[in-house]
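# A look at the structure
Residues per chain are reported as follows:
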Amino acid sequence: MQRRDFVKAAALGSSAGLLLSSCASGDSGAPAVQTGGPALRWRLVSSYSRGLDTIYGAAEVMAERVGNLTSGRFRIQVYPAGELVPAFEVLESVQKGTAQIGHTASYYYIGKNPALAFDTTVPFGLTARQFNSWAYHGGGIALLRALFADYNIINFPGGNTGVQMGGWFNREVNAVSDLRGLSMRIPGMGGRVMDRLGVTVQQIPGGEIYPALERGAIDAAEWVGPYDDEKLGFAQVARYYYYPGWWEPGANLSFYINRNAWEALPTHYQHALEAAAAEANQYMLSRYDAVNPASFRRLVEGGTEVRAFPRDMLDAAYASAQELLKEGTSDPEYARIYDSYAAWGRDSSAWFGTSEQTFADYLHGH
Ligand code: CA
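Residues numbered from 1 in each chain as written. Predicted model: local features only at pLDDT ≥ 70, side-chain atom pairs only at ≥ 80, totals over all residues. Heavy atoms only, no water.

## Regarding the sheet that holds strand β8 (residues 220–221)
Backbone-to-backbone hydrogen bonds join strands into a sheet, with any given pair of strands oriented parallel or antiparallel. Rules: Only strands that DSSP links by at least two bridges are regarded as paired with each other. Think of it this way: any DSSP run of H or I at least four residues long counts as a helix, any run of E at least two long counts as a strand, and we number them from the N terminus.
Strand order in the open sheet made by the six strands is β7-β6-β8-β5-β9-β11, with mixed pairing throughout. Looking at which strands have only one partner, the edges of the open sheet turn out to be β7 (200–202) and β11 (305–308). In this structure, strand β5 (residues 167–169) lies alongside β8, joined through two bridges in antiparallel fashion. Bridge assignment links Trp168 to a residue of β8, and that residue is Ala221.

## Let's talk about the packing of aromatic side chains
Heads up, the rule is: Under the pairing criterion, centres of Phe, Tyr and Trp rings, with the six-membered ring standing for Trp, must be within 6.5 Å; the plane angle then separates stacked pairs below 30 degrees from edge-to-face pairs above 60, leaving the rest tilted. Between buried and exposed lies partly exposed: a residue is buried under 20% and exposed over 50% of the maximum accessible area for its type, with that area taken using a 1.4 Å probe on protein chains only.
Overall, the coordinates contain 25 aromatic pairs when judged by the stated rule. Seen in terms of ring centroids, Trp168 and Tyr241 are 3.9 Å apart; in terms of plane orientation they differ by 15°. Their pairing is stacked. Residue Trp168 is located in strand β5, and its partner Tyr241 is located in strand β9 (residues 240–243); the two are separated by 73 residues in the primary sequence. Residue Trp168 is classed as buried on the basis of its relative accessible area, which comes to 0%. With relative accessibility at 0%, the residue Tyr241 sits in the buried group.

## Side note on the coordination of the calcium ion
Filter applied, for reference: The rule for donors is simple: N, O or S, within 2.8 Å of the metal, or within 3.2 Å if the metal is Na, K or Ca. Water isn't counted, so a site may look like it is missing partners.
Coordination sphere of the calcium ion, protein contribution only: Gln164 (OE1), Glu222 (OE), Glu222 (OE), Trp223 (O) and Glu248 (OE), at 2.2 to 2.7 Å. Read from N- to C-terminus, the donor residues coordinating the calcium ion fall into the pattern Q-x57-E-W-x24-E. Placement of the pair is Gln164 in the loop between β4 (153–160) and β5 and Trp223 in the loop between β8 and α9 (226–231), with a sequence separation of 59 residues. A relative accessible area of 6% means that Trp223 is categorised as buried.

## Observations concerning the confidence of the model for the protein
Counted only if it meets this: Predictor confidence is given residue by residue as pLDDT, running from a minimum of 0 to a maximum of 100. Whether two residues are in contact is decided by their heavy atoms: any pair within 4.5 Å suffices.
Here the protein averages 92 in pLDDT, while 90% of its residues score no lower than 70. pLDDT under 50 marks residues 1–30. Its contacts with residues more than four places away, or in other chains, come to 26 contacts.

## Observations regarding the pairing of strand β2 (residues 74–79)
Counted only if it meets this: Here a crossover is taken to be right-handed if, once the strands point away from the viewer, the path from the first strand over the helix to the second is traced clockwise.
Pairing of strand β1 (residues 40–46) with β2, which is carried by six bridges, proceeds in the parallel orientation. Note on β2: the bridge partner recorded for Leu40 is Phe74. For the crossover from β1 across helix α3 (residues 57–69) to β2, the handedness is right-handed.

## Observations concerning the packing of helix α6 (residues 140–148) against helix α13 (residues 332–354)
Stated precisely, the cut-off is as follows: Fitting a line to C-alpha atoms yields each axis, with helices limited to the stretch in contact; the angle taken between N-to-C directions then spans 0 to 180 degrees. By definition in this entry, angles of less than 35 degrees are roughly parallel, angles greater than 145 are roughly antiparallel, angles of 65 to 115 are roughly perpendicular, and the rest are oblique. By definition, turning the near helix anticlockwise from the far helix through less than a right angle yields a left-handed crossing, and turning it clockwise yields a right-handed one. When residues are sorted by character, Ala, Val, Leu, Ile, Met, Phe, Trp, Tyr, Cys and Pro go into the nonpolar class, Asp, Glu, Lys and Arg into the charged class, and all the rest, Gly among them, into the polar class.
Direction vectors running N to C along α6 and α13 enclose 160°, while the axes themselves pass 10 Å from each other. One finds that α6 runs roughly antiparallel with respect to α13. Handedness of the crossing formed by α6 with α13: left-handed. Here α6 contributes Leu143, Leu144, Ala146 and Leu147 to the contact with α13, which in turn contributes Glu333, Arg336, Ile337 and Ser340. Class assignment for the residues of the contact of α6 with α13 results in five nonpolar, one polar and two charged.

## Comments concerning unusual backbone geometry
Here Tyr243 and Pro244 are connected by a cis peptide whose omega angle stands at -10°. A positive phi is found at Ser71, a non-glycine position, where the angle reads about 50°. Tracing the backbone shows Ser71 in the loop between α3 and β2. Of note, the phi angle at Phe124 is positive, near 60°, even though the residue is not glycine.

## What to know about the side chain of Thr161
Applicable threshold: By the criterion applied in these results, polar contacts are pairs of N or O atoms within 3.5 Å in which, for protein atoms, one can donate a hydrogen and the other can accept it, and in which residues neighboring in sequence qualify only through two side-chain atoms.
Within the fold, Thr161 resides in the loop between β4 and β5. Its relative accessible area of 4% is what places Thr161 among the buried residues. At 3.1 Å, the side chain of Thr161 and the side chain of Gln164 are in polar contact. Non-local contacts of Thr161, meaning those with residues more than four positions away in its chain, are made with Val224, Ala251, Leu253, Leu285 and Tyr288.

## Digging into the nonpolar core
Defined as follows: Residues belong to a common nonpolar core when they are buried Ala, Val, Leu, Ile, Met, Phe, Trp, Tyr or Cys residues joined through side-chain atoms within 4.5 Å.
In terms of nonpolar packing, the biggest core is built from 99 residues, with Met62, Ile76 and Leu273 touching the most fellow members. Here this core gets eight residues from one element, more than from any other, and that element is helix α11 (residues 267–301). With residues near it in sequence (within four places) discarded, Met62 still touches Leu44, Ile76, Ile101, Phe255, Leu273, Ala276, Ala277 and Ala280.

## Remarks on the pairing of strand β3 (residues 101–104)
Residues Ile101 and His103 point to one face of β3 and Gly102 and Thr104 to the other, with burial holding for every one of them. Sheet analysis places β1 next to β3, joined by three bridges and oriented parallel. When the bridges of β3 are listed, Ser46 appears paired with His103. With four bridges joining them, β3 and strand β10 (residues 252–258) adopt antiparallel strand pairing. The residue of β10 that forms the bridge with Thr104 is Ser254.

## With respect to the sheet that holds β2
Overall, mixed pairing links the five strands, which are arranged β2-β1-β3-β10-β4 in an open sheet. The two strands at the open ends of the sheet, each matched to only one other strand, are β2 and β4. Ignoring strand direction, the axes of neighbouring strands in this sheet form an average angle of 25°. Examined bridge by bridge, β4 and β10 share six bridges and lie antiparallel to one another. Pairing of Asn155 across the sheet is with Tyr256, part of β10. The strands touched by α6 within the sheet are β4 and β10, with β4 carrying the most contacts at an inclination of about 130°.

## Let's talk about helix α12 (residues 311–327)
The condition that has to hold: Here the expected length of a helix is defined as 1.5 Å per residue gap, with one fewer gap than residues. Directions from the helix axis toward the C-beta atoms define the arc.
Between its terminal C-alpha atoms α12 stretches 25 Å, which fits the 24 Å expected from 17 residues at 1.5 Å a residue. Those residues of α12 not exposed but buried are Met313, Ala317, Ser320, Ala321, Leu324 and Leu325. With its buried residues spanning 130° around the axis, α12 presents them on a single face. More than 90 degrees from the buried face of α12, the exposed residues found are Arg311 and Glu323. The inward-facing, buried residues of α12 abut α7 (188–196) and α13.

Below, the structure is given as structure tokens:
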């Protein structure tokens, strides 16, 4: 095709105002890249504090990539928790369109619908790799999208913590009975299980955990893992660091996009958002995996006492979690998601138990 014919054909096939940069610059054979489109500025509200370069940083990674993919025409400004809206009001804010996009954990909103927990994590649920395989290849995203339609939201996976730690305790837990009367910051279905085991459960945003532990308003708190926990200073106000975080084997963070705002976007802006969210999803987990080991070492060297949860507590929590998760299945939408999620976990655990787990166990022994 002659260059002028190609330009003419491309111009006819595109809407007015689009620039066709690669052919205009004369790169023969290069595909036409759309660099035009409306100048847009969106607000992104995060549930996290700016200092957390892992969990908050993933939203900035996403926003920057969207800007780069649209030649700076589609810009997203990221606001930390509390600046435009409180940490736990991200869903409402995106639903109403106060912000076009949000970055949060859906299990903060299980008071609205318990099925939202499956978008983040549930006790003894999927690991990060299992969640991503379910979301991208096991129909997970489609099932969750149907749920989020009730809130006028399109959701995308947007980061994962991997298996979390069990958190910081000012009292030893040597048996499940030691949980009785303990006051602990723990969100989601994990909080509901802890409640059944006798814990007084508190919902507190990340930035407010330290003062609550320091003044003794709570006896225990969990956040994520060594890197974030070290930054938040928990080692200075709690003595014991327990593992594993059985309530969060792979917490998935989500980007929420207001459906009306999404539908008004040019297709290539939608593609940019989708690609940037996938990059943020990869960024967060690899970042945690990169920075947790050194923090863990420093915490241990600094005198933190690392303890495993007692077996009877794990067994009681497991039984209680299975019971709790099944209770929701009287709702058909919950049941659809639960059935798919649980079946995925059973199938993939049989495989991971053989491959990843036996290898990791052997290597850890050295
Ligand atoms: Ca957590």
